[in-house]
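The residues making up each chain are set out below.
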Number of protein chains: 2
Amino acid sequence: MALRHAVLAALLDGEYSGYQLAKIFDVSCSNFWYAVPQQLYAELTKLERAGLITGRQVIQHDRPNKRLFTVTPAGLAELAAFAAVPSKPSSTREDLLVMVQAVDRLDPAPVIAQLEERAVIAAAKVELFDRMLRQLRGDLTEETFLHESNRVGPYLTCLRGRRFEQENREWCVQVAALLRARAPVSR
Amino acid sequence: MALRHAVLAALLDGEYSGYQLAKIFDVSCSNFWYAVPQQLYAELTKLERAGLITGRQVIQHDRPNKRLFTVTPAGLAELAAFAAVPSKPSSTREDLLVMVQAVDRLDPAPVIAQLEERAVIAAAKVELFDRMLRQLRGDLTEETFLHESNRVGPYLTCLRGRRFEQENREWCVQVAALLRARAPVSR
DNA sequence: GAACCATACTCAATGATATGACTATCCCTG
DNA sequence: CAGGGATAGTCATATCATTGAGTATGGTTC
């Protein structure tokens, strides 16, 4: 019962098709909610049946038709009810950390390689978030934007994503360097 | 196929019963892998049937008997194989972030309350990690421990958990303060 | 002595997630 | 004109995770 709310929150910014939502969930929303397209299409169907969103068909000639969805007043109420009940901290699940936990009893080389690769990915995500943040705030400084814009939610979640990836990168770099120093390996 | 490896990694530190593992997964391992006791018992059964761990019964007189599990060579090989294949970044899922994403269209009061509560929880976790880190390294400095100990995996994952919670706390505090400043509310 | 907590675990039902395969159209490139 | 990529979805299934209830024993507390 939770992807539901993530989809409703994403649809607050405007009308989107399942396909567009899938892209949004692949970049910005993936900070706080991961979902593959199949899940989104299924959830959109359920949400529409529940009356929390409405879809309208858009005929296109240069590409397949699509359905655009909007949040209904009932959907907004559902989101409000969701925000009112205390939430539990997220359940983390990270394979790379499992490997590091076990690294003393394994060959460290592949773990080091993965840490270094992950550091690069995290650095790329930091830059992606920076671009998104700049785009969201336009000409305004962050200070001004945060105090005066009427749509700060996406900016704040991006800030969180940026912080997380920055932290992640630093940790990966440090751990990779340490493991290299402890057990020098050729590659 | 992933709780499997988290359990194997946790069992590298010694013999544990399902009940003990449940406690470990409730505190230290919950950094990187969350699981409720029922999942652990089920997974232990599967792991034993697959020959990746072995259990031995321990008769107790002051409390119910228990079964202690150890990783077999096959289990270690399974872990090594797991560490060798590149892993995908984790799939984050955080209700609180969904609420912040939508906060512009909702009553901010309950969201602010949850952010402030979460900041307190995160601060407590930082302290818990600090205690765990001190306990793991004993008298040694972190520097010395990291370079000379033969069991740094759990320490490194704890460091990551500490970083994450610290970052989380700061973000929660800042966002709560900002939302309060934007829309002054009585409570 | 009743209530409650800690240890130690099991079962069942539902709900969520992950994975892979599939359809269909249009555009662009070589 | 063949192939690949982008758009826009659908279907099926198997595994995973979550929730709630239940069993049993012993120790501690009020």
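Rules behind the numbers
- Residues numbered from 1 in each chain as written.
- Chains lettered and ligands numbered in written order.
- Predicted model: local features only at pLDDT ≥ 70, side-chain atom pairs only at ≥ 80, totals over all residues.
- Heavy atoms only, no water.
- Buried < 20%, exposed > 50% of the residue type's maximum accessible area, 1.4 Å probe, protein only.
- Helix = DSSP H or I, 4+ residues; strand = E, 2+ residues; numbered from the N terminus.
- Contact = heavy atoms within 4.5 Å.
- Buried area = accessible area lost by both parts, 1.4 Å probe.
- Salt bridge = Lys/Arg side-chain N within 4 Å of Asp/Glu carboxyl O.
- Expected span 1.5 Å × (residues − 1).
- Arc of directions from axis to C-beta.
- Least-squares fit on C-alpha atoms with pLDDT ≥ 70 in both.
- Domains from an automatic or database assignment.
- Polar contact = N/O pair within 3.5 Å; in protein donor to acceptor, adjacent residues only side chain to side chain.
- Nonpolar A, V, L, I, M, F, W, Y, C, P; charged D, E, K, R; others polar.

(A) Examining helix H1 (residues 3-10) of chain B more closely. Taking burial as the measure, the eight residues of H1 of chain B include eight buried ones, the bulk of the element. Every buried residue of H1 of chain B is accounted for by Leu3, Arg4, His5, Ala6, Val7, Leu8, Ala9 and Ala10 of chain B. Against the buried residues of H1 of chain B lie helix H5 (95-101) of chain A together with helix H2 (18-26), helix H3 (37-49), strand S1 (53-58), strand S2 (66-71) and helix H4 (73-84) of chain B.

(B) Main features of the interface of chain B and chain A. The partner chain A presents 70 residues to the 70 residues of chain B that form the contact. Contact between chain B and chain A buries roughly 6,500 Å² in total, counting both sides, with carbon and sulfur atoms accounting for 59%. Considering only the side of chain B, the residues that lose the most area to chain A are Arg93, Gln101 and Arg160 of chain B, jointly responsible for 12% of the buried surface there. Summed over the shared surface of chain B and chain A, the number is eight salt bridges. One salt bridge in this structure joins Glu167 of chain A and Arg160 of chain B, with 3.1 Å as the shortest N-O distance.

(C) Quick look at H3 of chain B. Residues and elements named next belong to chain B. End to end, H3 covers 19 Å across 13 residues, agreeing with the expected 18 Å (1.5 Å per residue, within 8%). Those residues of H3 that fall on the buried side of the exposure criterion are Leu40, Glu43, Leu44 and Leu47. Down the axis of H3, the buried side of the element spans an arc of 105°, and every buried residue falls inside it. Pointing more than 90 degrees away from the buried face of H3 are the exposed residues Gln38 and Arg49. Buried-residue contacts for H3 involve H1, H2, S1 and S2.

(D) The relation of the copies chain B and chain A, seen in detail. With an RMSD of 0.0 Å, chain B superimposes on chain A once it is rotated by 180° and translated 0.0 Å along the axis. What we have between these two chains is a two-fold relation. Among all residues of chain B, the one whose C-alpha sits closest to the rotation axis is Thr92 of chain B, at a distance of 3.3 Å. A share of 100% of the interface residues of chain B reappears at the interface of chain A, consistent with the copies meeting face to face through the same patch.

(E) Up close: the domain arrangement of chain A. Residue and element names in this part refer to chain A. Taken as a whole, chain A is organised into domain 1 (3-84) and domain 2 (95-182). The distance between the C-alpha centroids of domain 1 and domain 2 comes to 27 Å. In this assembly, six residues from domain 1 lie in contact with seven residues from domain 2. With both chains or domains summed, domain 1 and domain 2 bury close to 490 Å², and 52% of this area falls on carbon and sulfur atoms. Of all residues in domain 1, Asp13, Val27 and Asn31 bury the most surface against domain 2, accounting for 64% of the area lost on that side. Summed over the shared surface of domain 1 and domain 2, the result is one salt bridge. The salt bridge involving Asp13 is made with Arg151; its shortest N-O contact spans 2.5 Å. At the boundary of domain 1 and domain 2, one finds one residue pair in polar contact (both at pLDDT 80 or more). A breakdown of the residues in the side of domain 1 that touches domain 2 according to their chemical character gives three nonpolar, two polar and one charged.

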